[in-house]
Amino acid sequence: PLFWPLVACGLGCYAYLHPFLAVLSLLVLLPLCLFKAHRKDVLLSILIFGLGWTRMAWEAPSFPSITTPSLHRWQCTFHSELNASCTSPEFQWPLLLEIPGAEMHSTEIRGACWGVLSPFNSFSSFDYAGFKRSQGIAGRIKLLSGIQWENTEAQTLLASLVQWCMRTRSYITDSLKINFSGPTEGLLLALTLGDKANLDSDVRISFANAGLAHILAVSGYHIGLVGFIPLLFIHHRRRFIQCLGGALFGFIWVYVALCDWPISALRAATMITAFVIGKWSNRRPTGFQCWSIAGFVILMVTPYSIASLGAQLSFAAVAAIFLFLEHIRTLNSFKRVAGFVGIPIAAQGGTVAWTCSVFGQFPWTFLPMNLIAAPCMYLLGMAYLFWWCLKFLNDDWRATSALADLISYSINGLTSQLTSLTKNGGWVWSTEEWNPLLWWMIGVLYFGWNIIALRHPHCKLEFAIYALLILAAVLPWCSL
């Protein structure tokens, strides 16, 4: 029941950025009010559409239009290594800005400086300014003087938590740089904290060409590893162990904070939290209900995430996976095998509109590579967590360094093999010459057929034929 309200709220947020979408949505919805059977649902959809529009309009003053550089005196509170919430008398609201070149301190997070506020420059093939805006960052400050750090003895609880996250993030980064090097260091930083700054460009390209780029984003896989033990305790029959699991469950949100709140990790953590709350209240929400709750939370907290490519890919992939799992729910035999093979296909089908129209390529070897990567990532994740446990117990143990060497050897071998394979073969189909309308039509038909087939299971074949006929009618126009 929460799916369609979430779609209406998302359309309202997106329509504020593209007003023509608001006009189009109202032209479609208002005539439906003439039908008495759908009048209540249509009016509710319009109301939720207005809620999304209003939330985006409330957020808009925090992102003023920056077209030319301007000099200001800033008072900044840092949230991560580069981004800070800055205030200036010239702006009504605090702005989240990027400050490259700032000398960071793990115990002091407030400072004053003179700096030039500049807009982000977009490239010909990539809207970099739009990408930064979707992350909530309004512009960039070029420092004209060193930051004058202030006395932060009287701190709030939030400031203390931010400082702790910064110190822990710095400790993890330094530990990985000391114990690992080369591609292993960059890959582990990306997998642990979502920091891809040290990731080798060849490794990044090889993962994209093999259809494994989603592994480098902190998402459900990472949240599942961190929350494995708490969730195991929560599902126990004894009340005491369940309470212990609930206490340990907070580490999931601590990990999301350490990763600087990426949308994919925030979605996964919110979904798991909704599921746990539902289990404790004997509600047992479905996967789509948790998915919808996560969408509402993210839209209300960060409405500009509706335009984030990473958020769109994350939600589309999970929605496609849930639809696929609903289809195979009635299977008795080969259910696990169908899920293991079908989940990568469902995720790729759900994100084909973005991968082909935005990136201009389709990794046709995604299925075998994902089937191989799944057990490898599981073994790597367990070995990596075990290494951290040994490091906390005693960093000088020989077993700790031996396990680090084994992880380095495995990652270096796998990444070198993957890089050589993707360089020597045509692992991707170029889709740059195709009209993007084709891929968006395929995405709409894919989700539309899945939803209609679940509501009318006896008409699956009939609706599949209709979808293929629509695709055949659009296909001649794809080269225009």
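Each remark here, short or long, concerns the structure printed above.
Now for a quick tour of the structure. Computed from a predicted model, the values in this text were never measured in an experiment. (Residues numbered from 1 in each chain as written. Predicted model: local features only at pLDDT ≥ 70, side-chain atom pairs only at ≥ 80, totals over all residues. Heavy atoms only, no water.)

The next point concerns the state of the cysteines. Tallied over the entire structure, the rule returns one disulfide. Disulfide pairing places Cys 76 opposite Cys 86 at an S-S distance of 2.4 Å. Linking Cys 76 and Cys 86, the disulfide has an S-S dihedral of approximately 110° and is accordingly described as right-handed. With a gap of 10 residues between them, Cys 76 in strand S1 (residues 70-78) and Cys 86 in strand S2 (residues 83-87) connect regions that are remote in the sequence. Relative accessible area serves as the criterion here: at 2%, Cys 76 is assigned to the buried category. Between Cys 389, a free cysteine, and Cys 259, which holds the nearest cysteine sulfur, the sulfur-to-sulfur gap is 17 Å. Cys 389 sits in the partly exposed class, given a relative accessible area of 45%. (Disulfide = S-S within 2.5 Å. Helix = DSSP H or I, 4+ residues; strand = E, 2+ residues; numbered from the N terminus. Buried < 20%, exposed > 50% of the residue type's maximum accessible area, 1.4 Å probe, protein only.)

Bringing the packing of aromatic side chains into the picture now. Within this structure, the stated rule accounts for 22 aromatic pairs. Pairing Phe 362 with Phe 366 gives two aromatic rings, centres 6.0 Å apart and planes at 75°, and the pair type is edge-to-face. Like Phe 366, Phe 362 is buried. An angle of 90° between the planes, with centres 5.5 Å apart, marks the rings of Tyr 446 and Phe 447 as edge-to-face. (Phe/Tyr/Trp six-rings, centres within 6.5 Å; stacked < 30°, edge-to-face > 60°.)

When their charged atoms lie close together, side chains carrying opposite charge are able to pair. Following the criterion strictly, the structure yields three salt bridges and no others. A salt bridge links Glu 59 to Arg 55; its shortest N-O distance comes to 3.1 Å. With Glu 59 and Arg 55 both in helix H3 (residues 36-59) and four residues apart, the pair spans about one turn of that helix. Each member of the pair, Glu 59 as well as Arg 55, carries the same accessibility label: buried. Residue Glu 326 is joined to Arg 329 by a salt bridge in which the shortest nitrogen-to-oxygen separation is 3.3 Å. With a relative accessible area of 51%, Arg 329 lands in the exposed category. (Salt bridge = Lys/Arg side-chain N within 4 Å of Asp/Glu carboxyl O.)

Here Ser 305 is to be found in the loop between helix H13 (287-301) and helix H14 (309-327). Once residues lying within four places of it in the same chain are set aside, the contact partners of Ser 305 are Ser 134, Ile 263, Ile 298 and Ala 311. (Contact = heavy atoms within 4.5 Å.)

In short, the description is geometric, and any link to function would need to be established separately.
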